Amino acid sequence: MKFIKLFSVCLLLLPFISCKDVAQTKSDAAIEKKVEALLSKMSLEEKIGQMNQISSYGNLEDMAALIKKGEVGSILNEVDPARVNALQRVAMEESHLGIPLLMARDVIHGFKTIFPIPLGQAASFDPQVAHDGARIAAIEAASVGIRWTFAPMIDIARDPRWGRIAEGCGEDTYLTSVMGVAMVKGFQGDSLNSPTSIAACAKHFVGYGAAEGGRDYNSTFIPERRLREVYLPPFEAASKAGAATFMTSFNDNDGVPSTGNSFILKQVLRKEWGFDGFVVSDWASASEMMVHGFAADSKDVAMKAANAGVDMEMVSYTFVKELPGLIKEGKVKESAIDDAVRNILRVKFRLGLFDNPYVDEKKPSVLYAPSHLEAAKQAAVESAILLKNANQTLPLQASVKTVAVVGPMADAPYEQMGTWVFDGDKNHTVTPLNAIKKLVGDKVQVIYEPGLTYSREKNPAGISKAVSAASRADVILAFVGEEAILSGEAHSLADLNLQGDQGALISALAKTGKPVVTVVMAGRPLTIGKEVEESAAVLYSFHPGTMGGPALADLLWGKAVPSGKTPITFPKAVGQIPIYYAHNNTGRPANHDEVLLNDIQVGAGQTSLGCRSFYLDAGVDPLFPFGYGLSYTTFKYSNVKLVSNSLKKNEVLKVTFDLENTGKYEGTEVAQLYVRDKVGSVTRPVKELKRFTRVTLKPGEKKNVTFELPVSELAFWDINMKKVVEPGDFSLWVAPNSQTGEEVFFRVVE
Ligand code: BGC
């Protein structure tokens, strides 16, 4: 496929990166010259105007008036190419200096062709999927004049109550870094200066995913070491990959809102990482510093945000209003404004906006191109996770002559696209019901009886109808989950069971004695322990997007084989949250054989259970661990060997192992490498994902696979807050998930 080839070519070019670097340095120098020349002509008001982002008012004339005065640097939420061009024409031809506008939009997991939500893409453990999704999103969005997206969202999230968990890549720092970089590269293409490239925005900087209690916008308390170990690395990787912009987050961390936090914006982002793009505040996050109680009034807001290192303000308007006065009073230095404007202009030059400000309105449409739909389908295939498959219920065999398709998500074109779909059209969505009918033709009878019309519905009569339809079928396919509105921004939940009567629906279907295949389409991991027990098979598909239906139909009938793995731990119960694999050890870790609530003797002595760290009513294990997922085939790991088990800090660890397909289907396994640093100057996680790879094997095929890991990647922030590799003993696992695998030992020596 076209997109795969493009990305592979980029990877192949990596050895020649130094030639590219030389060219880059030259063009950078040329751009810096242009930036300085333009800056020297700008009035203070024009400079501050560049730092102002407005959301489209709808009325072109009102916006044109501001643009003419040079009061706007960027507009978000204009997606009509004719209007984009009209506004741009005002900026180019009627404003004093003709500085182009930067048109922005939340293009999160597709513009028109909607890919699986980012959490689903992460389940593929395939950076190619993330890259292709972003590339296609960029091509489609750029075709209407959008040149800046607010993605990727690379917030580490370990609390599925938080609705925005849908938008990120899950709980793991390494996986999120890899997928985030692939997305940055996909959005930005080979060069920002191409008409199909859009500037990426690494967000939300930083710590937003640690919102207290999973309630959106909430405070976080992340100490510096954890910030640097867990939350910052994906952003550092995005910055290194060339992400053009960053967005500050809504949360206050340890009392300091990100939009007023110079430690993260100046010290970390600019000084330590050398970031030279620009930083935008999140929607009104600047003025919300007043609500936080961090700024007294709009003047205080502008001062704190500008001095902290925010370059562009999204819809708070305090910069335009207050910066001129603050500069006069000497509370904000003009040099700070100059730096902010340099950062913004640099990105505009890199995007080639000065030379090509307009979008070609006459170009044939690329929206929903067949190759885009095909890539979206492939992404949905790779994103689906097989959680259970008792008695090889799946894939469905030719002996299955009648299926009952039930559940509120079976034919819900809008809902299966998930959160952040401003532009995707539900009329282009292919639902499972339609895809199944098309796939099976007249070979299988499809009885459709949803039972519930939407995920929150309570409707016992509907359930009875579904049960009676199901009793006429060989197999029941139950599509349940969450409507799009139940996850995403500001959509947190305290209860993660299936909503409405969906749990009752599955129980009633299971009682028919027919095999129930439950397909969950949701924006987060749900607590589906009961439904897993009641179902013969469970396929989890985080909202899979436009082509979710054909992908799921292919998976159910074995035209494709599941390969997704959980990018986040699935809790058994909400009370276990936060629950994540890379936790530190307690001094009294659970043994996994603890006596639970119902087995404790009445009157048991206080210490008779052995004082360990677990829940009396939920144990210590999750429902499904991080990295978990089955296939229709089976894989055997063996012969794990370290090339050397004693390594110096400048060496590369090499581990090899055999991976064999021991089942009947060709399939792809996501093999994972975990490491544990046994003793540190500060305590270290019990396991950390360091590498993963997708390996495709035919039945009976065996491959010898190698993971290479530079010892330098074992570095962590030590007791003195220095990033170092501490010599000592380590464990390593090559495994199909974070909970299993044979432990192998190695040592790092001075
Ligand atoms: C969200 C951002 C988004 C912005 C612009 C905010 O509410 O937090 O992620 O990019 O709105 O729409």
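No experiment lies behind these values; they were computed from the predicted model shown.

Cut-offs applied
- Residues numbered from 1 in each chain as written.
- Predicted model: local features only at pLDDT ≥ 70, side-chain atom pairs only at ≥ 80, totals over all residues.
- Heavy atoms only, no water.
- Pairing = 2+ DSSP bridges.
- Helix = DSSP H or I, 4+ residues; strand = E, 2+ residues; numbered from the N terminus.
- Axes fitted to C-alpha atoms, helices over the stretch in contact; angles between N-to-C directions.
- Contact = heavy atoms within 4.5 Å.
- Phe/Tyr/Trp six-rings, centres within 6.5 Å; stacked < 30°, edge-to-face > 60°.
- Buried < 20%, exposed > 50% of the residue type's maximum accessible area, 1.4 Å probe, protein only.
- Arc of directions from axis to C-beta.
- Polar contact = N/O pair within 3.5 Å; in protein donor to acceptor, adjacent residues only side chain to side chain.
- Core = buried A, V, L, I, M, F, W, Y, C linked by side-chain atoms within 4.5 Å.
- Domains from an automatic or database assignment.
- Buried area = accessible area lost by both parts, 1.4 Å probe.
- Salt bridge = Lys/Arg side-chain N within 4 Å of Asp/Glu carboxyl O.
- pLDDT = per-residue confidence, 0-100.
- Near = heavy atom within 4 Å.
- Areas by Shrake-Rupley, 256 points an atom, 1.4 Å probe, with all protein chains shown as cover.

Things to note about the sheet that holds strand 5 (residues 201-205)
Reading across the sheet, the 3 strands line up as 5-6-9 and stay open at both edges, with parallel pairing between neighbours. Each having just a single partner strand, strand 5 and strand 9 (278-280) make up the two edges of the open sheet. Mean inter-strand twist for the sheet, computed between neighbouring axes without regard to direction, equals 25°. Pairing geometry for strand 6 (residues 245-248) and strand 9, over 3 bridges, is parallel. Residue pairing for strand 9: F246 is matched across the bridge by V279. Packing against the sheet, helix 11 (residues 262-272) makes contact with strand 5, strand 6 and strand 9, and its axis sits at approximately 155° to strand 9.

Here's the deal with the packing of aromatic side chains
A complete count under the given rule lists 26 aromatic pairs for this structure. With a centroid separation of 4.9 Å and 65° between ring planes, the pair formed by W148 and F150 is classed as edge-to-face. Among the residues examined, F150 registers a relative accessible area of 1% and is labelled buried. Taken together, a centroid distance of 5.1 Å and an interplanar angle of 90° make the contact between Y217 and F250 edge-to-face. Remark: F250 occurs in the loop between strand 6 and strand 7 (252-253) and Y217 occurs in the loop between strand 5 and helix 9 (224-231); sequence separation between them is 33 residues. The class for Y217 is partly exposed, based on a relative accessible area of 34%.

A closer look at helix 11
Every buried residue of helix 11 is listed here: I264, L265, V268 and L269. Angularly, the buried residues of helix 11 cover 125° about the axis, an arc narrow enough to put them on a single face. Taken together, the buried residues of helix 11 touch strand 5, helix 9, strand 6, strand 9 and helix 13 (298-308). One side-chain oxygen at the N-terminal end of helix 11 lies 3.0 Å from the backbone nitrogen of F263; it belongs to N261. G274 occupies a position one or two residues after helix 11 and carries a positive phi of about 65°.

Observations regarding unusual backbone geometry
With an omega of 10°, the peptide bond running from A151 to P152 counts as cis. Inspection of the secondary structure puts P152 in the loop between strand 4 (148-149) and helix 8 (173-188). Following F205, the chain continues to V206 via a peptide bond in cis, the omega torsion being 5°. Within the element layout of this structure, V206 appears in the loop between strand 5 and helix 9. In the Ramachandran plot, A490 falls in the positive-phi region, its phi being about 65° despite a non-glycine side chain. Along the chain, A490 turns up in the loop between strand 14 (475-481) and helix 19 (502-511). We classify A490 as partly exposed; its relative accessible area is 45%.

With respect to the nonpolar core
Within the largest apolar cluster, 102 residues are counted, with the highest numbers of intra-cluster contacts made by W148, F205, F246 and L323. Top contributing element to this core by residue count: helix 15 (residues 334-350), with 7 residues. In this structure, M153, W162, A211 and V480 belong to the second largest nonpolar core, which totals 44 residues.

Quick word on the domain arrangement of the protein chain
Structurally, the protein chain comprises domain 1 (2-350), domain 2 (381-556) and domain 3 (635-749). Computed over C-alpha atoms, the centres of domain 1 and domain 2 are 37 Å apart. Contact with domain 1, which involves 32 residues of that partner, is made by 29 residues of domain 2. Counting the surface lost from both domain 1 and domain 2, the interface buries some 2,400 Å², and carbon and sulfur atoms represent 56% of this. If you sort the residues of domain 1 by the area they bury against domain 2, I114, I117 and R161 come out on top, with a joint share of 21%. Here domain 1 and domain 2 share 2 salt bridges between them. For D423, the salt bridge goes to R105, with nearest N and O atoms at 2.8 Å. The tally of links from domain 1 across to domain 2 stands at 16 residue pairs in polar contact (both at pLDDT 80 or more).

Let's talk about the confidence of the model for the protein chain
Chain-level statistics for the protein chain give a pLDDT mean of 96 and a share of 97% at 70 or above. Note on residues 8-17: pLDDT is under 50 here. Beyond four places in sequence and across chains, it has 2 contacts.

Notes on the site of the ligand
Of all residues adjacent to the ligand, which total 13 residues, the nearest are D106, R164, K203, H204 and D282. Between the ligand and D106 there is a distance of 2.4 Å, counted from an oxygen atom to a side-chain nitrogen or oxygen. Take K203: an N or O atom from its side chain is 2.7 Å from an oxygen atom of the ligand. Relative to its free-state accessible area of 310 Å², the ligand is covered by the protein chains to the extent of 93%.

Side note on the pattern of salt bridges
Pairing between side chains of opposite charge can happen when the charged atoms of each approach one another. Taken as a whole and judged by the stated rule, the model has 38 salt bridges. Between R161 and D159 there is a salt bridge, with its nearest N and O atoms 2.7 Å apart. What makes R161 buried here is its relative accessible area of 18%. Residue classification places D159 among the buried residues on the basis of a relative accessible area of 7%. Across the salt bridge formed by R694 and E382, the nearest N and O atoms sit 3.4 Å from each other. Of this pair, R694 sits in strand 21 (residues 688-697) while E382 sits in helix 16 (residues 370-383), placing them 312 residues apart in sequence. With relative accessibility at 21%, the residue R694 sits in the partly exposed group. It is possible to trace a salt-bridge network through shared partners that takes in D28, D276 and R350.

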